Amino acid sequence: MPIIDDVADSIPITTWTPPAFDELKINVDGATTISHSAASAIARDHHGTFQGCGTRCTHPCLVEESEANGFVLGVDLAKRLHIRRCIIEGDSSNIVLYINGPEGKIPWRIRSIFLDIRDSIQHFDSLRFHHVRRTCNHVAHNLAKNALLFKVSGGLIFVHLIAL
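Thresholds applied
Residues numbered from 1 in each chain as written. Predicted model: local features only at pLDDT ≥ 70, side-chain atom pairs only at ≥ 80, totals over all residues. Heavy atoms only, no water. Axes fitted to C-alpha atoms, helices over the stretch in contact; angles between N-to-C directions. Helix = DSSP H or I, 4+ residues; strand = E, 2+ residues; numbered from the N terminus. Parallel < 35°, antiparallel > 145°, perpendicular 65-115°, else oblique. Left-handed = near helix turned anticlockwise from the far one by under 90°. Contact = heavy atoms within 4.5 Å. Nonpolar A, V, L, I, M, F, W, Y, C, P; charged D, E, K, R; others polar. Buried < 20%, exposed > 50% of the residue type's maximum accessible area, 1.4 Å probe, protein only. pLDDT = per-residue confidence, 0-100. Salt bridge = Lys/Arg side-chain N within 4 Å of Asp/Glu carboxyl O. Patch = residues over 30% accessible without salt bridge, like charges linked within 9 Å, V, L, I, M, F, W, Y side chains within 5 Å. Areas by Shrake-Rupley, 256 points an atom, 1.4 Å probe, with all protein chains shown as cover.

- Taking an unreviewed UniProt entry as the reference, the chain is identified by name as RNase H type-1 domain-containing protein belonging to Macleaya cordata.

So this is what it looks like as structure tokens:
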């Protein structure tokens, strides 16, 4: 059964921390302008080694919807990488609370996004959603910002490393 939780440490973490040896960490973010929005996801292993990333541009939307789309993209990336144990982190505390909290608290405008995320949980042995400070999420933040700026969408980039 997958695990869904939120980690709230008493000492704030200000830099990216690697996942456990048998997990992958995916950092996600969203950005929006008047004309369109973008979501990003970037996967790294316990060494901090890049494993894959993706961006998705869509119609203009509210900031919360854009951030939520980042988490959807993160789940999609984890599935595409065939990851069984994953941590998905983003800098939107509300989104993490919506994913981990009761269904009734989710705003109607983004409810279907969260139901899709929750339906995806069955594909994982462990899937955890964490809130992190923006300083820990700057790579995903910059990727979303550049996807927005250059309207880069639709591609997922994967790196499969083979030990020699």
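Now that the structure has been shown, the text picks up again.
1. Considering the packing of helix α1 (residues 63-80) against helix α3 (residues 111-120)
Turning to step 1, where the next piece is worked out: At their nearest, the axes of α1 and α3 sit 10 Å apart, and the two run at 20° to each other. Between α1 and α3, the angle falls in the class roughly parallel. At the point where α1 passes α3, the crossing takes the left-handed sense. On α3, the residues that touch E65, A68, N69, F71, V72, V75 and K79 of α1 are I113, F114, I117 and S120.
Turning to step 2, where the next piece is worked out: For the contact of α1 with α3, the residue count by class is seven nonpolar, two polar and two charged.

2. Side note on the environment of D29
Turning to step 1, where the next piece is worked out: Topologically, D29 is positioned in strand β1 (residues 24-32).
Turning to step 2, where the next piece is worked out: Overall, D29 belongs to the buried group, its relative accessible area being 1%.
Turning to step 3, where the next piece is worked out: Placed 108 residues apart in sequence, D29 and N137 show a C-alpha to C-alpha distance of 7.8 Å.
Turning to step 4, where the next piece is worked out: When sequence neighbours within four positions are dropped, the list of residues in contact with D29 reads A38, A39, S40, E67, G70, D91, N137, A140, H141 and A144.

3. Side note on the confidence of the model for the chain
Turning to step 1, where the next piece is worked out: Confidence in the prediction of the chain, expressed as mean pLDDT, is 86, and 85% of residues score 70 or more.
Turning to step 2, where the next piece is worked out: Below a pLDDT of 50 lies the segment residues 1-10, which in the model reaches 26 contacts outside its immediate sequence neighbourhood of four places, other chains included.

4. Focus on the pattern of salt bridges
Turning to step 1, where the next piece is worked out: Enumeration according to the criterion identifies seven salt bridges in this entry.
Turning to step 2, where the next piece is worked out: With a closest N to O distance of 3.0 Å, D22 and R85 form a salt bridge. Separated by 63 residues along the polypeptide, D22 in the segment before β1 and R85 in strand β4 (residues 85-90) bring together distant segments of the chain.
Turning to step 3, where the next piece is worked out: Look at R85 and you get partly exposed, because its relative accessible area is 30%.
Turning to step 4, where the next piece is worked out: Note that D125 is salt-bridged to R84, the shortest N-O span being 3.1 Å. One end of the pair, D125, is in the loop between α3 and β5 (126-131); the other, R84, is in the loop between α1 and β4, with 41 residues separating them in the sequence.
Turning to step 5, where the next piece is worked out: The structure contains a network of salt bridges with shared partners spanning D22, E23, R85 and R128.

5. Topic: a nonpolar patch on the surface
Turning to step 1, where the next piece is worked out: On the surface, a cluster of nonpolar side chains totalling about 330 Å² of accessible area is made up of L149, F150 and V152.
Turning to step 2, where the next piece is worked out: Here L149 is to be found in helix α4 (residues 138-150).

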